Amino acid sequence: MNKLVATFEIQLPSWLLVQCSEKDDISYNVKIANFEVKMQLIHNGPKTKRKDEKYWTLAISRVRISVSRHEHVKPPPVRITNNIVRGYSVQADYFEERLPEYQKTAVTALNRLILFFKYKLQAPLLNEFDVADECFMNPQWTDEYGKEVGKGMQGDMVPAIIGFSSPKFGIKKMTVSDDEALKRALQTPIVPELFEEILSDAQAAIVQNNLRRGILEMAIVCEIAVKHAFFAKYSTAGAAYEYFEDKGRINISVLELIHGAAKEAFGESFKEFSEKAYKDIVFLFRCRNKIAHRGEITYGDDAGIVHTVDRGEIEKWWVSVEMFLDWLKKHKS
């Protein structure tokens, strides 16, 4: 058997702060499934040391991950003509077949590192990575001694682009009809409403596969938008609502507001407007409650059947939330 090593070079979105000797090799070895993984933190930023400190604090934003295992089959030899390599393409299938498992292992290791720094050391602006990220597309393939054994897919590597082929999670393509709006935005900057900012956070969480946070934030968006619509800050109703809310004497659910209260205020409830979208929002809030109380991404339907929510269902809920926001905007204007 021959040992095959895939080495990935990762640029982190933010800095890791590590206190050690600047000469130290900051590397860690871990076993994941049948792979051996070496993670090396590369010092590539500034350093600082106070008088009372023994070691330097190093700023690190690069990680080198080497994933290896024994393979029963060697990479096929490249075609050489007149001492010049002509045919790396003959190796493409060999590496393409193995790449997904090496990628998945590298991402698993990196995300464990990210989670440690983000939640135990409270490093800001760190997000987990995905196998579709560009940095995992084309590793360096070597043997255990560092000698290159071939190349994988050649040419420009294009990472997955969310919403590229079909709209997802509110992503829109700019068209000619957006031209004037962009010019106005360049002249006078857009000031997003609070629910728009949180909706953007929800989108980012879902795209990064943080489904729990995405669901929580989608529910918060609905709650903020509907309460702002019904209880404007400077309206009589808004002042009354704040008075009773501050005294803990009011507890109106979003679902009550968009159904019964909306019927009284607008002459139309959201349930009447779209029963399917209304039901999606009911399930969204049931799932939100499960997440808040138990950390589970589940909900019970009207028949009492428990469903585990996946990305596909969240995509449907997203469409219904957007439909709800558009409906609310129509009745506010």
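Being a predicted model, the structure only gives us computed values, none of them experimental.

Draft legend 1. Looking closely at helix α6 (residues 254-266). With 13 residues, α6 should cover 18 Å at 1.5 Å per step; its first-to-last C-alpha distance of 15 Å lies more than 12% under that length. Within α6, the axis deviates most sharply at G260, by approximately 35 degrees. Contacts made by the buried residues of α6 are with α4 (211-230), α7 (270-273), α8 (275-294) and α9 (311-332). Positive backbone phi, approximately 80 degrees, marks G267, located one or two places after α6.

Draft legend 2. Quick look at helix α1 (residues 92-120). A rise of 1.5 Å per residue sets the reference length of α1, with its 29 residues, at 42 Å; its end C-alpha atoms lie 41 Å apart and thus fit the reference within 8%. Positive backbone phi, at 55 degrees, marks Q122, one or two positions downstream of α1.

Draft legend 3. Highlighting the packing of aromatic side chains. A full pass over the atoms with the stated rule returns 14 aromatic pairs. One aromatic cluster is present, built from ring pairs that chain together F35, Y94, F95, Y102 and W141. Above the plane of the ring of W56 lies K47, whose end atom (NZ or CZ) is 4.4 Å from the centre. Positioned over the ring face of Y94 is R98, at 3.8 Å from the centre of the ring.

Draft legend 4. Just the nonpolar core, in detail. In terms of nonpolar packing, the biggest core is built from 43 residues, with I215, M218, W317 and F324 touching the most fellow members. Per-element accounting of this core gives the leading share, 11 residues, to α4. When neighbours within four sequence positions are excluded, F324 is seen to be in contact with C222, V226, I258, F270 and I281. Within the second largest apolar cluster, 35 residues are counted, among which are I32, V67, A106 and A109.

Calculation rules
Residues numbered from 1 in each chain as written. Predicted model: local features only at pLDDT ≥ 70, side-chain atom pairs only at ≥ 80, totals over all residues. Heavy atoms only, no water. Helix = DSSP H or I, 4+ residues; strand = E, 2+ residues; numbered from the N terminus. Expected span 1.5 Å × (residues − 1). Bend = angle between axes of the 7 residues up to and from the residue. Contact = heavy atoms within 4.5 Å. Phe/Tyr/Trp six-rings, centres within 6.5 Å; stacked < 30°, edge-to-face > 60°. Lys NZ or Arg CZ within 6 Å of the ring centre and 35° of its normal. Core = buried A, V, L, I, M, F, W, Y, C linked by side-chain atoms within 4.5 Å. Buried < 20%, exposed > 50% of the residue type's maximum accessible area, 1.4 Å probe, protein only.

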